Every structure is written in C-alpha cells, then in structure tokens.
Amino acid sequence: MRTLKTSEAASELNVSPNTLRAWERRFGYPRPMRTEGRHRLYTHGEIASLRDALKEGLSISSAISRARENLRADTPVLVGALSACELDRADAAMEAALALRSVERAVEEILLPSLHEIADRSGEASAPWAFAVQWASDWLNRARRLAPSGVRPLTVLVGDATRDEQDPDALDTWALELFAQRAGAEVLTLPVTGLVGLGDVLANFHPRAIVIAGSHAGDDDVARWAYAVRAASGPLPVALYRRGSRRPAGRTTGTLVLPHSPSAAQHELMALVEGRPAAPVPASEPSVERSASIAPVQLRRSASA
Amino acid sequence: MTRPQLQVLPGYGETDVEPYVDFCGHCGKRQEAAAPASRVCGNCHLGLIVSAPGSLAPGAKEPFLIVDGRLQVCAVSRRAERLLGIAEADVVDRQLTDVLLPADAEAVGVEGFVSTIVHAARGDGIVRDLVVRPAGEWGIRWFTRIGPCATPSAVLIVLAPNG
C-alpha cells in the first residue's frame, strides 16, 4: 500500500495541509493513519480517488461522497466472488482493497461488510455463508501469521464465547484479535467453556487484560471462566466485546464494554491494557457496523495463540 | 433572380455576455480575478471555486445552493445551512424538492420551478427570479435568483430572505 505524508497528499490535491486537516475534521475524509510519531499518513488510493472527484465536483461534500463510493466499489466485487465461490477472485479483491487501504480498513470497510451482505442475502444457515466464513477465517488467519507478534509487553486473553465459526460475532472477534496483534499485543484465545488445565496455560501466559467476546455462552459459564482466570492471574481488567449488551455511557462495575467496530474496540482495549484514557477514534463510516437485522449467533474456536 | 439570404435580425447576436465572477461554493467569498491555482477556497478550505454571472453571484451575506440538471443538490453554502437548518453532507445528492419548493401563488405545481432550473442547467444564461419556501414549511417565502453557474455546468439558487 502506497502512503503519502501530509505535504505530499496536499500537493497531490493542490491544496494546503491546513485544508486537508479541515476536511478531516468536518467530513472525516481523507482518514489518515498515524505513524509512531503521530504524524498523518494518507493512503494514495484515497487521495487519488478524491483528486479525481474534485475535478468534476461542485462541492467538497459531493466530491468526498463520490470518492467514498469509488472506494466502496471493492465490496460488490468481493461479494460477487464469494457468492460464486471463486476463492482466487476473492483473494484478488482483498489484494486490490489492500492497495488502497491499511489492513484494518480493508477488513472493516470491505471484508466485514461483504460478509454481512452475504449473511443478509443468503442467511446464516446457508452454504454461501459457510463458504464465505471459511474464506474469511483463512484470510484473517493468514493476516495474523504475517503480523508481528508481541512486539510490546501487552498480553490479552480473549475468552471466546461465540457459538462456532458460523457465528457472525466470530468474524468481528477474529478482526479484533488481528488488529490487537498488529498493534503489538500478544493475543491468546481460549474458549470460555474450557476450564480444565486453564491454570497451566496461564502460568506461561500472563495476561494484562481479559476480553470476553461473543454472546452465545451463558453468563454462568463466562463468570466461572473469568473467576478461574482471575484466580490464576490476579485481578485483571475485563472488557466485553459483542456480548449483546448496549454500550453504556461509561465503565460500569469495572467492566469495559467495547464498541462494536473492531478498530474502535482495539483502540479502547489497548488503552485499557496500557492504563491510559482512550484516545478519540477517528470518524468512521456507519457501514462498518453490522445491520441490526442479523441476529446474534455464536461460535467456539479452539485455543489459538 | 435573387437568392434568399440569411439575415441577422435585430436583437439576435447582440446580447452582451455578462462576465462571470468566481466565488467560494461554501463561504461565498469572492475570489481574485486571476484564475486560482487551486479549486479550493483558501479562506474557509471547505468550498470549491464556482463561477456565475456577476448579477447572479451571491453577495457577502446571501445564502445559496447549487444543483445539477437532474435537480440533485450539489452544494449548500454555510449561510444556507444555517438558514435552512440542514447540513450540506446530509442533503448532497438529494432532490432539490426535498429542500425547497415553489411558493409563488401564481405558479401551478412545481413545473415552472423545475423547468426554470432545467433551462438554467442548459446554460441559457438568463437569470430568473422565483419565490420559494422550505420543503415542509409554510408561511416562509424567499425571493430567489436562479441562473447558470460553472464549472461543471450547474444551477445556482441564491436565496434572499430579506427580499
């Protein structure tokens, strides 16, 4: 993925860096990533798309709307490839998406919405959904293998409370695990129903936070598991992700409810682990949220490090 | 035998083309006469530079909208956002009639309003006056100037709340 510094992006658009920052504040676009030193890094695809739209636009709003539509064009391609069970074409669609975006944005803006669209069209008990989930699982696992592992002293234990791989919440959980790992954390996922030998695992893996992801497992199972973890590792902060509850205004009873968006959840989770207040998450489009029409279902995965 | 010849009739081909002026499509600020290096307003950073005939271009405090030939809203000025209680991002690409409707007691339906805009989008160069009201509101009327603007070719609707 080609990236541009603020001055380069401004030059490409023939505007000043102040103008770019003004657009980011007002429209949430273009949405830069940040370097280690908190400098903005723009994706070339986003800037090129906006440059083309500005040539024929009558307002910044309409140009940004058009640029966003152009970038979203990858979603129908991926949906079409997965619906036709064409693995190569699906991989190529994600490759194309990655040419214009970071891994996090490609997952949130292309992969997850495509899968949710297939769930809407075909249902969660259908073969296309099962095929799409299998492909997405493979893709996300490949991305995790390529991600640097544990470059920061941050360890997160994910309690998997989803039903199985067909559970739509499982997709978002895998995305959260990938994002956390790419942010430098070491992530271990264990099913919340597996209590046997839990202490032995935790003797070698010292988590600094627990995330309980998914809403299939009952509260009793989750409470027993969390108690066993805290008995072995001490009092750790607990966060809930896609646990079926609505997001409260703030923390309640010491448990943090993470936002539904995997990237926003990852930001808050990292802040929780590092013990700092969560920084405001950059404006994102509502399309990354799953539509309310998809009933929450679940998954259970075997332990994976 | 005399051959028929084309003749220029009085009044045709003699109309002066009114010079266009540049202004920002968001804050309305008039731009320098020289072609700007960038299409983005250097004053507010939030609007593109648009051109319109001098008599049509908005004054410093006049709210305005820009629509295309399909009657889709393309831009809403900052003052129009305040006057109409809308955000530009919310109404861009929506139909103009979702925002403004004709309010002329003499007019029959929206046809006159629509045809005025369609003619302006074709670039007939004539600035027309119409009376409009906000969609879904009664008892409020604004005089408007409607005419062509560029680039690309579109229609500028300047609202004059004070008549």
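For the structure itself, consult the block above.
Residues numbered from 1 in each chain as written. Chains lettered and ligands numbered in written order. Predicted model: local features only at pLDDT ≥ 70, side-chain atom pairs only at ≥ 80, totals over all residues. Heavy atoms only, no water.

Chemist: Looking at this model, I keep getting lost on the interface of chain B and chain A. Mind explaining?
Modeler: Often the size quoted for an interface is simply the accessible area lost on bringing the parts together. Each side of the interface is counted separately: chain B has 21 residues, and chain A has 19 residues. Here chain B is connected to chain A by two salt bridges. Between Arg26 of chain A and Glu81 of chain B there is a salt bridge, with its nearest N and O atoms 3.0 Å apart. The interface formed by chain B and chain A contains 10 residue pairs in polar contact (both at pLDDT 80 or more). Elements supplying a minimum of two residues to the side of chain B that touches chain A: β4 (73-76) and α2 (88-91) of chain B. Of the residues that constitute the side of chain B that touches chain A, the class distribution is 12 nonpolar, five polar and four charged. (Contact = heavy atoms within 4.5 Å. Salt bridge = Lys/Arg side-chain N within 4 Å of Asp/Glu carboxyl O. Polar contact = N/O pair within 3.5 Å; in protein donor to acceptor, adjacent residues only side chain to side chain. Helix = DSSP H or I, 4+ residues; strand = E, 2+ residues; numbered from the N terminus. Nonpolar A, V, L, I, M, F, W, Y, C, P; charged D, E, K, R; others polar.)

Chemist: What should I look at first to understand the packing of helix α7 (residues 103-122) of chain A against helix α8 (residues 127-146) of chain A in this one?
Modeler: Think of two packed helices as two axes; the pair is described by the angle between the axes and how far apart they sit. Residues and elements named next belong to chain A. Where α7 meets α8, the axes come as close as 9 Å, and the angle between the chain directions of the two elements is 160 degrees. As summarised for this structure, α7 and α8 are arranged roughly antiparallel, according to the angle between their axes. When the axes of α7 and α8 are compared, the crossing they make is left-handed. In contact with Val107, Leu111, Leu115, Ile118, Ala119 and Ser122 of α7, α8 contributes Pro128, Trp129, Ala132, Val133, Trp135, Ala136, Trp139 and Leu140. Grouping the amino acids of the contact of α7 with α8 by side-chain chemistry returns 13 nonpolar, one polar and no charged. (Axes fitted to C-alpha atoms, helices over the stretch in contact; angles between N-to-C directions. Parallel < 35°, antiparallel > 145°, perpendicular 65-115°, else oblique. Left-handed = near helix turned anticlockwise from the far one by under 90°.)

Chemist: What's the story with the side chain of His26 of chain B in this structure? I'm lost.
Modeler: Turning to its location among the elements, His26 of chain B is positioned in the loop between β1 (20-24) and β2 (49-53). Not counting the four nearest positions on each side in its chain, His26 of chain B is found in contact with Arg26 of chain A together with Cys44, Leu46, Gly47, Phe64, Val76, Ser77, Arg78, Glu81 and Glu88 of chain B.

Chemist: Got a minute to help me understand the packing of aromatic side chains in this structure?
Modeler: Two descriptors summarise a pair of aromatic rings, namely the distance from one centre to the other and the angle between the planes of the rings. Residue and element names in this part refer to chain B. If you walk through the whole model with that rule in mind, you get one aromatic pair over all chains. Judged by centre distance (5.5 Å) and plane angle (90 degrees), the rings of Phe23 and Phe64 are edge-to-face. Here Phe23 is found in strand β1, whereas its partner Phe64 is found in strand β3 (residues 64-67), with 41 residues between them in sequence. Both residues of the pair, Phe23 and Phe64, count as buried. (Phe/Tyr/Trp six-rings, centres within 6.5 Å; stacked < 30°, edge-to-face > 60°. Buried < 20%, exposed > 50% of the residue type's maximum accessible area, 1.4 Å probe, protein only.)

Chemist: Explain empty space enclosed by the protein here, please?
Modeler: Summary: where empty space remains is shown by rolling a probe the size of a single water molecule over the atoms. Residue and element names in this part refer to chain B. Counted under the stated rule, the structure contains one cavity of 30 Å³ or more. Reported here for the largest cavity is a volume of approximately 30 Å³. Taken together, His26, Cys27, Gly28, Gly59, Ala60, Glu62, Phe64, Ser77 and Arg79 form the lining of the largest cavity. Of the residues belonging to the lining of the largest cavity, the class tally is three nonpolar, four polar and two charged. (1 Å grid on protein atoms, 1.4 Å probe; cavity = no way out; pocket = protein on both sides within 12 Å on 5 of 7 lines; lining within 4 Å. Points joined across faces, edges and corners; volume = space filled by probe spheres on them.)

Chemist: Any chance you could explain the sheet that holds strand β6 (residues 209-213) of chain A here in plain terms?
Modeler: Think of a sheet as strands paired side by side through backbone hydrogen bonds, with each pair either parallel or antiparallel. Residues and elements named next belong to chain A. Taken together, five strands build an open sheet; the order of strands is β5-β4-β6-β7-β8 and the sheet is parallel. Each having just a single partner strand, β5 (186-191) and β8 (255-257) make up the two edges of the open sheet. For this sheet, the mean inter-axis angle between neighbouring strands, taken without regard to orientation, is 25 degrees. For strand β7 (residues 238-241) and β8, the ladder comprises three bridges, and the chain directions are parallel. Note that in β8 the partner of Leu240 across the bridge is Val257. The strands that helix α11 (residues 219-233) touches are β4 (155-160), β5, β6 and β7; relative to β6, the one it contacts most, it runs at about 165 degrees. (Pairing = 2+ DSSP bridges.)

Chemist: How should the pairing of β3 of chain B be read in this particular structure?
Modeler: As a general feature of sheets, a regular strand has side chains that alternate between the two faces. Residue and element names in this part refer to chain B. Side chains of β3 alternate between two faces, with Phe64 and Ile66 and Leu65 and Val67 buried alike. Note that β3 and strand β8 (residues 154-160) share four bridges and pair antiparallel. Looking at the pairing, Ile66 lines up with Leu156 of β8. Relative to β4, β3 is paired through three bridges, and the arrangement is antiparallel. Note that in β4 the partner of Leu65 across the bridge is Val76. Here β3 hands over to β4 after five residues, with Leu71 in that stretch at a positive phi of 65 degrees.

Chemist: I keep staring at the packing of helix α1 (residues 6-13) of chain A against helix α3 (residues 44-56) of chain A and nothing clicks. Help me out?
Modeler: All names here are of chain A. Running from N to C, α1 and α3 cross one another at 25 degrees; their axes reach a closest spacing of 9 Å. In terms of axis orientation, α1 runs roughly parallel to α3. Between α1 and α3 the crossing geometry is right-handed. Together, Ala9, Glu12 and Leu13 of α1 and His44, Ile47, Leu50, Arg51 and Leu54 of α3 make up the contact between the two elements.

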